[in-house]
Amino acid sequence: MALFSKKEDKIRTSFEVLPTHLGIIMDGNGRWAKKRGLPRSAGHKAGANVFRTISDECANLGIKYVTFYAFSTENWKRPKEEVDALMQLFKEYLLEAKADMTKAKNSRIEFIGEREGISQELLDLMDEAEAETADHTGTTVYLAVNYGGRQEIVSAVNKLIDDGKKDITEQDISDNIYTYPECDLIIRPSGEQRLSNFLLWQAAYSEFWYSDVLWPDFGKNDLYKALTDFENRNRRFGA
């Protein structure tokens, strides 16, 4: 037996300080599949399973709002077969989520982004999932589909203009964006270190946590590491 061995850091699973609003960029599905010689759709399917696991754990921990970046406005530029596979996975998730969230969970689901381009079948399922979880008082899960941060801000401003506002304040925009107005922590796995048009307004004072782990390999321990790091941050909000 070795006299000296590397001491592994103990992973914390409970926290005194949690983000009120957590943002997660689900990145790396395609690279995960490529490394295994699989079609990109296999990576997206594996990533969808991780989404279920992590969203459930956020609810178990008591995080009030979680926004998952699922499909951006730019993702329509991907090959048609990949987009079709993503939409099919989205449909399967919605059918499963209806049972999961209405019978076993207290989470509330809201879909954010533009509706144009999404099939009517999916839009109907989205509306049903939102309606059936509207009275839930646990974690609000925002799923960003056909979403872009710039588009979100433009949408808020246009709504205010339509409402007759002439002098628009920061609070006005905060009151009219899709999600809770402040995002405390943004997690991005896969080794990339950029925001990619995600929660631009909400991220003004966000903390960021990056990991080289590809999203389909992202597990509860990775979430706990990010939350532990967040709890130890000295947040100054520009002061």
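When the terminal C-alpha atoms of helix H7 (residues 220-231) are compared, their 16 Å separation across 12 residues agrees well with the 16 Å that a helix rising 1.5 Å per residue should span. When H7 is considered as a whole, its buried residues turn out to be Asp222, Leu223, Tyr224, Ala226, Leu227, Thr228, Phe230 and Glu231. Among the structural elements, strand E1 (21-25), helix H2 (40-61), strand E5 (185-188) and strand E6 (207-210) are those in contact with the buried residues of H7.

Reading across from one edge, E3-E4-E2-E1-E5-E6 is the order of the 6 strands in this open sheet, with parallel pairing throughout. Where the open sheet ends on each side, the last strands, each with one partner, are strand E3 (108-112) and E6. With strand direction ignored, the average angle separating the axes of adjacent strands in the sheet is 20°. The pairing of E1 with E5 spans 3 bridges and is parallel. Its bridge partner lying in E5, Gly23 is registered against Ile186. Where H2 meets the sheet, its contacts fall on E1, strand E2 (65-72) and strand E4 (140-147), and the angle it forms with E2 comes to roughly 160°.

Right, let's get into unusual backbone geometry. In the Ramachandran plot, Asn146 falls in the positive-phi region, its phi being about 55° despite a non-glycine side chain. By secondary structure assignment, the location of Asn146 is in strand E4. Unlike most non-glycine residues, Leu199 shows phi in positive territory, near 50°. Summarising the element assignment, Leu199 is placed in the loop between E5 and E6. Assessed through its relative accessible area of 0%, Leu199 is described here as buried.

For H2, which comprises 22 residues, the first-to-last C-alpha distance of 31 Å matches the rise-based estimate of 32 Å (1.5 Å per residue) to within 8%. One or two residues past the end of H2 sits Gly62, with phi positive at roughly 95°.

With that settled, the discussion passes to the pattern of salt bridges. Oppositely charged side chains can form a pair if their charged atoms are brought close together. Evaluation of the coordinates by the stated rule reveals 18 salt bridges. Across the pair Arg40 and Glu82 runs a salt bridge whose closest N-O atoms are separated by 2.9 Å. With a gap of 42 residues between them, Arg40 in helix H2 and Glu82 in helix H3 (residues 80-104) connect regions that are remote in the sequence. What makes Glu82 buried here is its relative accessible area of 7%. The network of salt bridges with shared partners includes Asp27, Arg31, Arg188, Glu192 and Arg194.

Rules and cut-offs
- Residues numbered from 1 in each chain as written.
- Predicted model: local features only at pLDDT ≥ 70, side-chain atom pairs only at ≥ 80, totals over all residues.
- Heavy atoms only, no water.
- Helix = DSSP H or I, 4+ residues; strand = E, 2+ residues; numbered from the N terminus.
- Expected span 1.5 Å × (residues − 1).
- Buried < 20%, exposed > 50% of the residue type's maximum accessible area, 1.4 Å probe, protein only.
- Contact = heavy atoms within 4.5 Å.
- Pairing = 2+ DSSP bridges.
- Axes fitted to C-alpha atoms, helices over the stretch in contact; angles between N-to-C directions.
- Salt bridge = Lys/Arg side-chain N within 4 Å of Asp/Glu carboxyl O.

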